[in-house]
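# Inside the fold
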Amino acid sequence: MAKAKTAFVCTNCGAEYSRWQGQCRQCGEWNSIEEVHYSSSGAERTVTRAASLSGFAGLADGKVENLSAVKIAQTVRMPTGYSEFDRVLGGGIVPGSVVLIGGNPGAGKSTLLLQTVCKLSAQTRVLYITGEESLEQVAIRAQRLALPTERVRIGAETSIDNIISIALQEQPAVLVVDSIQVMHVNDVDSAPGAVTQVRESAAALTQFAKRSGIAVFLVGHVTKEGSLAGPKILEHCVDCSVMLEAGNDMRFRTLRCHKNRFGAVNEIGVFAMTDKGLHEIKNPSAIFLNRQEKVAPGSLATCVWEGTRPLLVELQCLVDLSQFGNPRRLSLGTDGARLSMLLSVLHRHAGIQLADQDVFVNVVGGVKIDGTSADVPLILALLSSFTERPIERTTIAFGEIGLTGEIRPVQSGLERLNEAEKQGFMRAIVPFDNAPRNTTKVGNMEIVPVRNIQELVDLV
Ligand code: TYD
Ligand code: MG
């Protein structure tokens, strides 16, 4: 029997020390260091688990070769049955990958994964491990959602070692573990949910996935600040980290990828939560646009680029005479520093002074815009609110504004225009370099090219 080992681990960042101290040197957090006991050393734990996985090729075998000579097995991605989910994963499930699904309580993580395994079970073997709900609860939900459950294997288990041995027996292609925060490994004696347990559990499952070729989905809780509980450790060891977020409007859920070793990040997938579970929304642009009939000054649609597709959203601005000496600038969903910069450009290059005005900017639907393509619509919406002249609802705009007041092109201009045309917009205000050559129309939509900020002012 190996000697028991004691370590001191920071509950905030997972750094390990040989003795207790008041402040973690890694993350600077105070009073976050706790004592944990291992019944065996880290290396021994890895060896015992590796032994239990005998028959699988090892990951670290000490050999070095040319990168070009490494054999690439033909990986076939498995579609999840939901095209929105596939897109976020970069085109389906990669065998042997570990995907972490994070989100607030009630976001619908368990629902999404249950629906996915039920769909997948038609073509492949799946195993669903629930550590939070009883088998009956899951069965009731599946029944209520009328999911095909005949071929779904399910177990209630919280011990990682048991889960691995069950998975070895069952040989599924996809394993779901709900959730990583309630799992524990036998040889660490801290409570489930503690940093060491989360780290060891996730590490054991990752190693298992890589060796066995089973794709593993982990459910992760988030803390009240919105980051994944059990800190960054989890995100480091998984291949894909996906967040299921509920916007201000509780009906819609966006699935957003934060890390992906097999595809692009910033992909979003949109679902609606209904009484019959989650449904994909294939045309998300429609929900982020304001459908009010009346046009108010200060609002304008724009087309932002999310991952590999365009998304139409509505920007709203309010410009109002400030009641106090210090005018407020507030932006929700866009970059606040960029707003200040644009206000200066507007003053310097178009002679419009908003220094005595409060300026508020909001993106409808809780969407966050990063990137610069919303500069032009932002200025237009500001001017529209300032002059109290509404812009027609069928107008859309995008484009970047430089410090000298010039309007610069943005990526994928034509795709954005096509998306806007598909949604029925009639006029698009775009950077000159994004406008199609030798035509002033895309479909039925009129194109208005602009070169500098003065031309924008003239338009309003
Ligand atoms: P759940 O999937 O249990 O969330 P998580 O695992 O992320 O904590 O969350 C389901 C939430 O969604 C719950 O609050 C109720 C709601 N819901 C519906 O509105 N319709 C449904 O068909 C289901 C299954 C859940
Ligand atoms: Mg759940």
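Residues numbered from 1 in each chain as written. Chains lettered and ligands numbered in written order. Predicted model: local features only at pLDDT ≥ 70, side-chain atom pairs only at ≥ 80, totals over all residues. Heavy atoms only, no water.

## A look at the packing of helix H9 (residues 336-350) against helix H10 (residues 375-387)
Inclusion rule: Every axis corresponds to a line fitted to the C-alpha atoms, with the helix fit spanning only the stretch in contact, and the corresponding angles, defined between N-to-C directions, vary from 0 to 180 degrees. Secondary structure elements are taken from DSSP: a helix is a run of H or I of four residues or more, a strand is a run of E of two residues or more, and numbering for both begins at the N terminus. Crossing chirality is assigned from the near helix's rotation relative to the far helix, an anticlockwise turn below a right angle marking it left-handed and a clockwise turn marking it right-handed. By definition in these notes, contact holds between two residues if any of their heavy atoms fall within 4.5 Å.
Viewed as axis vectors pointing N to C, H9 and H10 meet at an angle of 65 degrees, and their least axial separation amounts to 11 Å. Every pair of crossing elements has a handedness; the one defined by H9 and H10 is right-handed. Contact residues: H9 offers Arg 338, Leu 339, Leu 342, Leu 343 and Leu 346, while H10 offers Asp 375, Leu 378, Ile 379, Leu 382 and Leu 383.

## A few points about the sheet that holds strand S6 (residues 152-156)
Rules: For two strands to count as paired, DSSP must find a minimum of two bridges between them.
Read across the sheet, nine strands follow the order S6-S5-S7-S8-S4-S9-S10-S11-S12 without closing on themselves; strand pairing throughout is mixed. Whereas interior strands pair on both sides, the edge strands pair on one side only; in this sheet they are S6 and strand S12 (277-280). Averaged over all adjacent pairs, the angle separating strand axes in this sheet is 25 degrees, with direction ignored. Summarising the sheet, strand S9 (residues 240-246) and strand S10 (residues 252-260) pair through seven bridges and their orientation is antiparallel. The residue bridging Leu 244 from the neighbouring strand is Leu 255, located in S10. The strands touched by helix H3 (residues 109-120) within the sheet are strand S4 (98-103), strand S5 (126-130), S6, strand S7 (174-178), strand S8 (215-221), S9, S10, strand S11 (268-274) and S12, with S5 carrying the most contacts at an inclination of about 155 degrees. Strand contacts of helix H4 (residues 135-144): S5 and S6, with the helix running at about 145 degrees to S6, the strand carrying the most contacts.

## Description of the environment of Leu 332
Stated precisely, the cut-off is as follows: Type-normalised accessible area, obtained with a 1.4 Å probe on protein chains alone, sets the label of each residue: buried when under 20%, exposed when over 50%, and partly exposed for intermediate values.
Inspection of the secondary structure assignment puts Leu 332 in strand S15 (residues 329-332). The class for Leu 332 is partly exposed, based on a relative accessible area of 47%. Leu 332 has contacts with Val 361, Asn 362 and Val 363, leaving out every residue within four places of it along the chain.

## Topic: the packing of helix H5 (residues 160-170) against helix H6 (residues 195-212)
Short version of the rule: An angle counts as roughly parallel when it lies under 35 degrees, as roughly antiparallel when it exceeds 145, as roughly perpendicular when it falls between 65 and 115, and as oblique in every other case. Gly is put with the polar residues, along with every residue not named as nonpolar or charged; the nonpolar set is Ala, Val, Leu, Ile, Met, Phe, Trp, Tyr, Cys and Pro, and the charged set is Asp, Glu, Lys and Arg.
Axis separation between H5 and H6 bottoms out at 10 Å; the angle between their running directions is 15 degrees. The angle between the axes of H5 and H6 places the two elements in the roughly parallel class. Once H5 is placed against H6, the crossing between them reads as right-handed. Judged by residue contacts, Ile 160, Ile 164, Ala 167 and Leu 168 of H5 engage Ser 201, Ala 204, Leu 205 and Phe 208 from H6. Looking at the contact of H5 with H6 residue by residue, the class counts come to seven nonpolar, one polar and no charged.

## Some points on the pattern of salt bridges
Our working definition: Here, a salt bridge means any Lys or Arg side-chain nitrogen found within 4 Å of an Asp or Glu carboxyl oxygen.
Following the criterion strictly, the structure yields 13 salt bridges and no others. A salt bridge links Arg 125 to Glu 170; the nearest nitrogen and oxygen atoms lie 3.9 Å apart. Pair noted here: Arg 125 is in the loop between H3 and S5 and Glu 170 is in helix H5, with a separation of 45 residues, a long-range link. According to the relative accessible area criterion, Glu 170 is buried, its value standing at 13%. Its salt-bridge partner being Glu 419, residue Lys 422 comes within 3.4 Å of it at the nearest N-O pair. On the criterion of helical spacing, the pair formed by Lys 422 and Glu 419 is a turn pair, its members being three residues apart in helix H11 (residues 413-422). A single salt-bridge network, built from bridges that share partners, covers Arg 125, Arg 153 and Glu 170.

## Side note on the site of ligand 1
Note the following rule: Summary of the distance rule: residues count as near a molecule or strand when at least one heavy atom falls within 4 Å of that molecule or strand. Think of a polar contact as two N or O atoms within 3.5 Å of one another; within protein, one of them needs to be a possible hydrogen donor and the other a possible acceptor, and neighboring residues in sequence only count if both atoms come from side chains. Only the protein chains shown count as cover for residues, with accessible areas throughout obtained via the Shrake-Rupley method and a probe of 1.4 Å.
Around ligand 1, a shell composed of 16 residues is seen, among which Gly 106, Lys 109, Ser 110, Thr 111 and Thr 274 lie nearest. Between ligand 1 and Arg 144 there is a distance of 3.4 Å, counted from an oxygen atom to a side-chain nitrogen or oxygen. One of the backbone nitrogen or oxygen atoms of Thr 274 is found 2.7 Å away from a nitrogen atom of ligand 1. For ligand 1, whose free accessible area comes to 560 Å², the fraction covered by protein is 72%. Elements that contribute at least two residues to the shell around ligand 1 include exactly H3, H4 and S11.

## Quick look at the UniProt feature "binding site: ATP" (unreviewed entry) in the protein chain
The test is simple: UniProt positions are given in the numbering used here, feature names are shortened, and annotations may be inferred rather than shown by experiment.
In this numbering, the UniProt entry assigns the feature "binding site: ATP" (unreviewed entry) to Gly 103, Asn 104, Pro 105, Gly 106, Ala 107, Gly 108, Lys 109 and Ser 110. Take Gly 103: it is sitting in strand S4. The exposure class assigned to Gly 103 is buried, which follows from its relative accessible area of 3%. In this view, Gly 103 contacts Lys 109, Gly 220, His 221, Val 222, Met 243 and Leu 244; residues no more than four positions away in its chain are not counted. With near-sequence residues (within four places) excluded, Ser 110 lies in contact with Tyr 128, Glu 133, Arg 141 and Asp 178.

## Re the sheet that holds strand S3 (residues 33-38)
One open sheet holds the three strands; their spatial order is S2-S1-S3, and the pairing between them is antiparallel. Two strands close off the open sheet at either side, each with one partner strand: strand S2 (16-17) and S3. In the sheet, strand S1 (residues 5-10) pairs with S2 via two bridges, with the strands oriented antiparallel. In the sheet register, Phe 8 faces S2, and the bridge partner there is Tyr 17.

## Description of the side chain of Arg 338
For Arg 338, the location among the structural elements is in helix H9. A polar contact is formed between the side chain of Arg 338 and the side chain of Asp 375, at a distance of 2.7 Å. Setting aside residues up to four positions removed in sequence, Arg 338 forms contacts with Thr 372, Asp 375, Glu 400 and Ile 401.

## Things to note about the packing of aromatic side chains
The test is simple: Any two of the Phe, Tyr and Trp rings considered here, Trp counted by its six-membered ring, make a pair once their centres fall within 6.5 Å; the pair's planes then place it as stacked at under 30 degrees, edge-to-face at over 60, or tilted in between. We call a charge positioned over a ring when the NZ of a Lys or the CZ of an Arg lies within 6 Å of the ring centre and within 35 degrees of the ring normal.
If you walk through the whole model with that rule in mind, you get two aromatic pairs. Taking the centre distance of 6.2 Å and the plane angle of 65 degrees together, the rings of Tyr 82 and Phe 271 count as edge-to-face. Taken together, the residues span a long stretch of sequence, with Tyr 82 in the loop between helix H1 (42-52) and helix H2 (83-89) and Phe 271 in strand S11 at a distance of 189 residues. For the ring pair Phe 85 and Phe 217, a centre distance of 6.0 Å and an interplane angle of 50 degrees mean the geometry is tilted. You can see Phe 85 sitting in helix H2 and its partner Phe 217 sitting in strand S8, a full 132 residues away along the chain. Overall, the relative accessible area of 1% leaves Phe 217 in the buried class. One residue, Lys 119, lies across the ring of Tyr 82, its end atom 4.5 Å from the ring centre. Taking NZ or CZ as reference, Arg 416 lies 5.5 Å from the ring centre of Phe 398, over its face.

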